[in-house]
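Architecture and fold: a report
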Amino acid sequence: MVATPIGNLRDITLRALDVLKSADIIAAEDTRNSTHLLGHFGISTRLVALHEHNERIAAPKIIAALQEGKSVALISDAGTPGISDPGAILVQAVRAAGLPVIPLPGPNAAICALSAAGRDDPHFLFYGFLPAKASARRRELEALRELPYTLAFYEAPHRIVETVEDLLQVLGGERDITFARELTKLFESIHTCKLADAPAWLAGDPNRQRGEFVLLLSGAPPETEAGISAEAQRILQLMLAELPLKQAVKLAAEISGEKKNALYDLALQLK
Ligand code: SAM
């Protein structure tokens, strides 16, 4: 399993070059893409295709080659194979056949984004892609809403606007979001703002919606000192955005079951 660059070709590792040169076969997600990478490094190892649509069919052929004593390197289009990329099915099959699978660490977009985002949080949850369909996307986000960890998502440019709208709807405007865009490439940019300000930031310049994204969201806030849960805080914030303070507190207490006095104190702080 050979990790390859997520943009800047100089991020290839020395070990990856050694293995890609010396392997008998390279199984690649998109052989045309990989021809560019391999050509850049003067590597002419034979390529075969292994992508999400043929992984089950290709796996036995690769196992047969391994059993003949051949070495096979697996690469994806970018980054670490098997991470939001094909590879897991092949790995399972190879291991089940009693053959070794050797990981070569290297670039990964989520880790790259986290390293430069400066989040003071010892935990993160790597989620990868959310569903393309809005209803499924919101449902999955709702299941993540209470988690007190940084959340890392992958997103494509044509869905970035609608995904950010859903993040705002489901997680509320108070969390920080980091847009880590085009990492290691010419137009790399890393921007952090409140989720409430994110749609306007995206709309502010069409270039901000282009390219590849990692989105990092701060986790659910911890209980307040007065013991108000993250969910009650979220409800109170939603109510305060629409209603006068007293009415917001009353409704938030009814919906969340939290004590009115504690919510009132928190509402005064938030206002
Ligand atoms: N296997 C890869 C890895 O280890 O990161 C991920 C592959 S996944 C199919 C592709 C997604 O990763 C993109 O849609 C984007 O969300 C993210 N990604 C890949 N390269 C990136 C980059 N240079 N900058 C920001 N995000 C990137």
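Residues numbered from 1 in each chain as written. Predicted model: local features only at pLDDT ≥ 70, side-chain atom pairs only at ≥ 80, totals over all residues. Heavy atoms only, no water.

Details of the sheet that holds strand S1 (residues 25–28)
The strands that make up a sheet pair up through hydrogen bonds in the backbone, lying either parallel or antiparallel. Here is the rule: At least two DSSP bridges between two strands are required for those strands to pair. Elements are defined by DSSP. Helices are runs of H or I of four residues or more, strands are runs of E of two residues or more, and each kind is numbered from the N terminus. Lines fitted to the C-alpha atoms define the axes, with helices restricted to the stretch that makes contact. Angles between their N-to-C directions range from 0 to 180 degrees. Note on definitions: a residue-residue contact is assigned when non-hydrogen atoms from the two residues lie within 4.5 Å.
Read from one edge to the other, the open sheet built from 3 strands follows the order S2-S1-S3, with strand pairing classed as parallel. Single-partner strands in this sheet number two, and they are strand S2 (46–49) and strand S3 (72–75). Pairwise comparison of adjacent strand axes, ignoring direction, gives a mean angle of 30° for this sheet. Pairing between S1 and S3: 4 bridges, direction parallel. Looking at S3, one finds that alanine 27 is bridged to leucine 74. Its contacts with the sheet place helix H2 (residues 31–40) against S1, S2 and S3, and it is angled at close to 155° to S2.

Brief notes about the side chain of glutamate 155
Heads up, the condition is: Using a 1.4 Å probe on the protein chains alone, a residue whose accessible area is under 20% of its type maximum counts as buried, one over 50% counts as exposed, and one in between counts as partly exposed. Each polar contact in these results corresponds to two N or O atoms within 3.5 Å; when the atoms are within protein, one needs to be able to donate a hydrogen and the other to accept it, and residues that are neighboring in sequence are counted only if both atoms are side-chain atoms.
Inspection of the secondary structure puts glutamate 155 in strand S5 (residues 150–155). For glutamate 155, a relative accessible area of 4% translates into the label buried. Polar side-chain contacts of glutamate 155 include one of 2.7 Å to the side chain of threonine 163. Setting aside residues up to four positions removed in sequence, glutamate 155 forms contacts with Phe129, Ile160, Thr163, Glu212, Phe213 and Leu215.

What about H2?
Inclusion rule: As used here, the arc is the angular range of directions from the helix axis to the C-beta atoms.
Of the positions making up H2, those classed as buried are Ser34, Leu37 and Leu38. Buried residues of H2 fall within an arc of 95° about the axis and therefore sit on the same side. Residues of H2 that are exposed and angled more than 90 degrees away from the buried face: Arg32, His36 and Gly39. Buried positions along H2 lie against helix H1 (14–22), S1, S2 and S3. Its side-chain oxygen at 2.9 Å from the backbone nitrogen of arginine 32, aspartate 30 defines the N-terminal cap of H2. With its phi angle positive at about 65°, glycine 42 sits one or two positions after the end of H2.

A look at the site of the ligand
Keep this limit in mind: Residue proximity to a molecule or strand is established when one non-hydrogen atom of the residue lies within 4 Å of it. Each residue receives one of three labels: charged for Asp, Glu, Lys and Arg, nonpolar for Ala, Val, Leu, Ile, Met, Phe, Trp, Tyr, Cys and Pro, and polar for the others, Gly being one of them.
Of all residues adjacent to the ligand, which total 19 residues, the nearest are Thr80, Asp85, Ala109, Tyr154 and Phe213. A distance of 2.8 Å separates an oxygen atom of the ligand from a polar atom in the backbone of alanine 109. Tyrosine 154 is positioned with one of its side-chain polar atoms (N or O) 2.7 Å from an oxygen atom of the ligand. Residues that form the shell around the ligand fall into these classes: 10 nonpolar, 4 polar and 5 charged.

Describing the packing of aromatic side chains
Rules: Between the rings of Phe, Tyr and Trp (Trp by its six-membered ring), a pair exists once the centres lie within 6.5 Å; its type follows the angle of the planes, with under 30 degrees stacked, over 60 edge-to-face, and the other angles tilted.
Scanning the entire structure with this criterion turns up 5 aromatic pairs. Ring centres 5.2 Å apart and planes at 70° place the aromatic pair phenylalanine 126 and tyrosine 154 in the edge-to-face group. Here phenylalanine 126, found in strand S4 (residues 124–129), pairs with tyrosine 154, found in strand S5; they are 28 residues apart in sequence, far enough to count as distant. For phenylalanine 126, a relative accessible area of 31% translates into the label partly exposed. Here tyrosine 154 falls in the buried class, since its relative accessible area comes to 11%. Where phenylalanine 129 meets tyrosine 154, the ring centres are 5.7 Å apart and the plane angle is 65°; that geometry is what we call edge-to-face. Pair noted here: phenylalanine 129 is in strand S4 and tyrosine 154 is in strand S5, with a separation of 25 residues, a long-range link.

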